[in-house]
Every structure is written in structure tokens, then in C-alpha cells.
Amino acid sequence: MNRSFFSSLKTNLDLKWLVIFVSVGLLLLFTAFPMLYLVLRSLMVEGTLDLTTYWEVYGNIVNWKSFVNTIYISLLVTLVSVAISFPLAWLVGRTDLPGKGFFRTAFVTSYMIPPYVGAIAWTQLLNPSVGYLNEWLVHVFNLSASPFDIYGIGGLIWCFTLFYSPFAFITISRALEKMDPSLEEASRVSGDSPLGTLWRVTLPLMFPSIFAGGVLVFIGVGSAFGIPAIVGMPAQIEVLTTRIVTYVYMGTGKGIREATALAVSLMLVANFILYASTMLMNRRDYVTISGKSTRPGLVELGIWKWPLAALVSLYGFVAIFLPLGSILVTSLIKSLSRPISFDNLTITNWLTAIKNEQYMDTLWNSFISAGLAATIATVLAVFIAYLLVKTRVSGRGIPDGLSTLGGATPSIVIALALIITFSGEFGLNLYSTMAILVVGYMVKYLTMAVRTIAASLSQVHSSLEEAALNSGANWLQALRDVMLPLIGPSIVAGWFLVFMPSFYELTMSIILYGSQTKTIGVLLYELQTYADPQDASVLAVIILFIVLAGNVILRKVSKGAIGI
């Protein structure tokens, strides 16, 4: 009996650790190794340690200016986003603002709009020659020239703020909802006004969330390619991501080497910001959740209720409904040179796009690559989360740390690291294949699935698994028949959280795709860049519909617990 028990235990241990070791091995191969090799390649010239690449790269004034632009734009957008998001989150979460549920849903929904789709919409609205909004303003106010030009630093900051400020809004609003209201109530009982309580109590307590939201915005803006490519490059304004893509498209060894140096610079900036923010937060104690009731009392806005509701409505209209309306109208318009009217609307653009085999092929490529990435990432996430939550082995947090490293690394850096590592030099050539797209999406978004599944696994008591093992099941059977059914909704949610951003991804896809693996994001960017805005708008509407439908399914599956 004892021999049978130990034999069974050995089998269980072998199965468990074999599966976990394979998962960790894949992470080391596709995440840690390419990153390290990228850094090494940036320091080597013809096999020897040489820093001249960095001198050459930053000796070029265009590259140096791109670096400064990246920091300047990211910092400015972060400050403006936080300045907008905190009042909005407070009004929606802690006051009696009319329609606040609708506003919250609308602002969170704007997070799901791919930023490059938003940039396309604003080029349609504020193009200095044919922008809908510019033409309307010229007509209504009898102006001699268009008042706005989207192509410039101002346009970049405008688009970035509208489509990255939801990062800060979601972070701050969720913290406000969970904050212990007793300190605010004590302030009010002591005679402080609602605004005084907001300034002296709520704002300091929310500092970690405000700071975290700001960091997310800063890194997101600094890593973005779509908005600077669509809005900035026509005005000769470049940032690090556009310079990296330009160097990669040169296709020469020197170009790749200089792209590598810029990518390492971007990676160092992003990781320095994350490390510094973590160190800063660890130096002080911010406790906003206690064991007492966390249902906050609402602040009555009084006579300011309706004026503030009108102001928030105006922001929602400008930030969300105006660009979405522009995309939809453009997808239905016959001729952009004629005014918008019923006579100038048609569904021909839609029929043409749907019948276009090239368009449908890219849509299919996106479905397949995103679906494979989501499936592989979800399987890996189950084992990584199990190792993290259900074992006490030393180093169990390393795979989770690797998945977080992938999530925190700018997409363009991941793409370049995969290209230089898996182009045959080490016996594995994935260049221009769908496999490299799948690996890139998996590395970037794996952490979303890990976080979701780990949270669910931590709620399942270990006695259930032990009971299955004691009943004769091996580890895989216990996992399949006991654990997975209990965390099933989180597994499905984790799959969708990887699938949706992978489906419309542009920054990695623009340098990873091959002639047979073009994705919908790349096609949309090309159509917009090479002046076919009607077809680009049709595809943008299709992307938005799929992403919104995915989020509805996600919330349905998780019963509202998980979603964007």
C-alpha cells in the first residue's frame, strides 16, 4: 500500500512539475531570452563590445529629437489626463451627479476604442482642408480659414489625451469606489466643506491610484505607434516608436542595429519609470480599505449639479461620440469632396469591403493569430497561476515576474527582440510567419490572463484538490475535474482579455507581419496612410463592433466581475 501511495505521489509530482517546467521553459525562451539578446546586440558591433552604435544613434539630431518628443509628449499627456480623470472619477463615483452610471460606462467604453482608430477619426474631423468639424466651424462662424490643424504637437497631445486618459480614469475610479469613507465622514463632521474634504482628505488618500494611473498613461503614450504615425508623421514630428519602425523598414544591418539601440533606450525608460514608481509607493503607507463599511456617502452638488452634468456630457460627446460618429459617417459616404447629406450616403463602401478577399483575409489572419495567442496564453496562465498560488516552492514567482515583464515592456521592443532572436540565428526561424505574431501577442498580454486566473485560483481551497488526489486521481485529473470547472469563468475571461487587444494590435504587427500574414490593424493603417479613408472607416467600424461584442460576452461570462 505504501509503495502504491509513493508511486502515485511520484507520478503526480512528475506530471505536475513536467507541465510547469515546460511552461516556465517557454517563458524563458520567448520572453527572457529575446530581451537579453536585444540588449546584448545593442552593445555589440561585429562580435565585439562596442558602444559606437549609441553614439551614432544619438549623434543624429532626428533621433535625439524623437527621444525628447517622446518624453515631452508622454509627460504632458500624463499631466493633462490626470487633471481630467480625477475630477471625472470623483464626480461619477462620489457625488449625486445625474446620469453618472451612463457617464461611467461611456468613459470606460472609450478605453476599448483602439487609439489609432481614434486618431483616424480626428484626422477626419480636424483635417485642415476637408475636416468635418473644421468645415462646419468655417461655415457657421464665416471664418476665412480652418481654425484647427490636427497635424502637429497639439493634435498629438489632443488624441493621446482622449484615448489614453481612460487608463487613469479606470484606475482612479476603482480606487475611489473601494476607499474607506470614515475619514471623509470624520472631516465633514469636524465642519469641513465637501470641497475642503476632497482637497485635504480624498486627494491625498487617492495619491497612489492617481500616480499609478499616471504611470500607465506615461508608458502607454511613450510606447504607442498608431497615433504618432497617423497624426505626427505627416507634420514631420517623430517619436521613438516611429523611428524604430523606420529603421526596421530600411532592412539593412545598420538600420536594425540602430533600431535596437533605440528600442533598448525605450525599454530602459519604461522600466525605470515602473521601478521608480514602485520604490516611491513603498516608502509611504497608504491605507484606504479597512474592515468597516466601504459604502461611501454621496456628496450633494446642489446648484452645481446640472451645470456639471452638462460639462461632463460635453466632454463625453467630444471624447467618444463625435469621433465614433465621424468613423461611421465616413464609412457610409460616397464622396468626401461633397458635403454630408442623405444624397451623399451609401452602403456600397460596406458591400465592396465585405466582398474584398484581401480585406477578409486580413480579418481572418487577425482572428486566427489572436485566437491562438489567447489560447496558448490561457493554458500557460493556468500553470503559472497554479505555481504561484498553490505551491510554496522557492522561485514560484519567477514565471509570474516574466509574464509581468512582457506586459510592461513596450510592444515595439518585444517585436524587435523577437525578430533579431528568431530569424534563424539560433536554429529557429519565425520571421514573417504567423507564429511570430502569436508569440508577440502572447508575450505582451499573457500577464492579463495570469492575473485573472491567479485571483480566481486563490479563492479555491486546497482541500478540494487534496480530496481528489486522495481518491486516486492524478494531478492532471484533479486539475481537469476539480480545479478547472471551479475557475472556468475566469479562464474564459482571461482568454478574452488576451484575444481582444491582440485582435486589433498594430504596434507589433506593423513590423512582424509577412506577405501572407497581414492583420486587420496593419491593413487599416495602410488604407488610412494611402488615402482610402472610406474603406479604412468600414474596417474601423468592424473592429469596434467585434471589440465591443467581446467585452459584452466577457462581462456576461464573468457575471459582471471582469470586463473593461
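Residues numbered from 1 in each chain as written. Predicted model: local features only at pLDDT ≥ 70, side-chain atom pairs only at ≥ 80, totals over all residues. Heavy atoms only, no water.

Under an unreviewed UniProt entry, the chain has the name Binding-protein-dependent transport systems inner membrane component and belongs to Acetonema longum DSM 6540.

Caption draft 1: Region of interest: the overall build of the chain. Within the chain one finds 25 helices and 2 strands. For the chain, whose C-alpha radius of gyration is 25 Å, the value lies close to the compact-globule estimate of 24 Å for 564 residues. Along the three orthogonal principal directions, the C-alpha set of the chain runs to about 95 × 70 × 50 Å. Residue burial in the chain is summarised as follows: out of 564 residues, 51% are buried. Restricting to contacts in the chain with at least 6 residues of sequence separation, those with at least 24 account for 77%. Approximately 26200 Å² of the chain is accessible, and the part contributed by carbon and sulfur atoms is 67%. (Helix = DSSP H or I, 4+ residues; strand = E, 2+ residues; numbered from the N terminus. Rg over C-alpha atoms; globule rule 2.2 N^0.38 Å. Buried < 20%, exposed > 50% of the residue type's maximum accessible area, 1.4 Å probe, protein only. Contact = heavy atoms within 4.5 Å. Areas by Shrake-Rupley, 256 points an atom, 1.4 Å probe, with all protein chains shown as cover.)

Caption draft 2: Fine view of the pattern of salt bridges. Tallying each qualifying case throughout the model produces 7 salt bridges. Here Glu425 and Arg41 are joined by a salt bridge, their closest N and O atoms 3.6 Å apart. On the criterion of sequence distance, the pair formed by Glu425 in the loop between α18 (411-421) and α19 (434-457) and Arg41 in helix α1 (residues 2-42) is long-range, its members being 384 residues apart. For Glu425, a relative accessible area of 51% gives the class exposed. Taking the shortest distance from any N to any O, the salt bridge between Asp96 and Lys305 comes out at 3.8 Å. Remark: Lys305 occurs in helix α14 (residues 305-332) and Asp96 occurs in the loop between α3 (61-94) and α4 (100-109); sequence separation between them is 209 residues. (Salt bridge = Lys/Arg side-chain N within 4 Å of Asp/Glu carboxyl O.)

Caption draft 3: Broad picture of the nonpolar core. In this structure, Leu38, Trp122, Phe160, Ile244, Phe503 and Leu524 are the most contacted members of the largest nonpolar core, which totals 165 residues. Among residues more than four places away in sequence, those in contact with Phe160 are Ile73, Val77, Ser165, Val221, Ala224, Ile227 and Pro228. (Core = buried A, V, L, I, M, F, W, Y, C linked by side-chain atoms within 4.5 Å.)

Caption draft 4: The side chain of Thr330, seen in detail. Looking at where Thr330 falls in the secondary structure, it is placed in helix α14. Residue classification places Thr330 among the buried positions, given a relative accessible area of 1%. Among the polar contacts made by the side chain of Thr330, one reaches the side chain of Tyr132 at a distance of 2.8 Å. Residues in contact with Thr330, not counting those within four places in the same chain, are Gln124, Tyr132, Leu336, Asn349, Pro533, Gln534 and Ser537. (Polar contact = N/O pair within 3.5 Å; in protein donor to acceptor, adjacent residues only side chain to side chain.)

Caption draft 5: Seen up close, the packing of aromatic side chains. All told, the structure shown has 22 aromatic pairs when counted by the stated rule. The ring of Tyr247 has Arg243 sitting right over it, with the charged end atom 5.0 Å from the ring centre. (Phe/Tyr/Trp six-rings, centres within 6.5 Å; stacked < 30°, edge-to-face > 60°. Lys NZ or Arg CZ within 6 Å of the ring centre and 35° of its normal.)

Caption draft 6: Examining a nonpolar patch on the surface more closely. Taken together, the side chains of Ile61, Val62, Trp64, Val68 and Tyr72 present a nonpolar region at the surface, about 480 Å² in accessible area. One can find Val62 in helix α3. For Val62, a relative accessible area of 35% corresponds to the partly exposed category. (Patch = residues over 30% accessible without salt bridge, like charges linked within 9 Å, V, L, I, M, F, W, Y side chains within 5 Å.)

Caption draft 7: Representation of α19. Taking 1.5 Å of rise per residue, the 24 residues of α19 would be expected to cover 34 Å, and the 32 Å separating its terminal C-alpha atoms lies within 8% of that figure. Along its length, α19 reaches its greatest deviation from straightness, about 50°, at Tyr445. Of all 24 residues in α19, 19 are buried; the element is thus mostly enclosed. (Expected span 1.5 Å × (residues − 1). Bend = angle between axes of the 7 residues up to and from the residue.)

Caption draft 8: Focus on the environment of Leu402. Examined against the element boundaries, Leu402 turns out to sit in helix α17 (residues 397-408). In sequence terms Leu402 and Ala270 are 132 residues apart; their C-alpha atoms lie 16 Å from each other.

Caption draft 9: Structural detail: the packing of α19 against helix α22 (residues 488-503). Following both chains from N to C, one finds α19 and α22 inclined at 155°, their axes separated by 8 Å at the closest point. In terms of orientation, α19 and α22 fall into the roughly antiparallel class. Between α19 and α22 lies a crossing whose hand is right-handed. When α19 is examined against α22, the residues Tyr441, Tyr445, Met448, Ala449, Thr452, Ile453 and Ser456 are found in contact with a partner set consisting of Ser490, Ile491, Ala493, Gly494, Leu497, Val498, Pro501 and Ser502. (Axes fitted to C-alpha atoms, helices over the stretch in contact; angles between N-to-C directions. Parallel < 35°, antiparallel > 145°, perpendicular 65-115°, else oblique. Left-handed = near helix turned anticlockwise from the far one by under 90°.)

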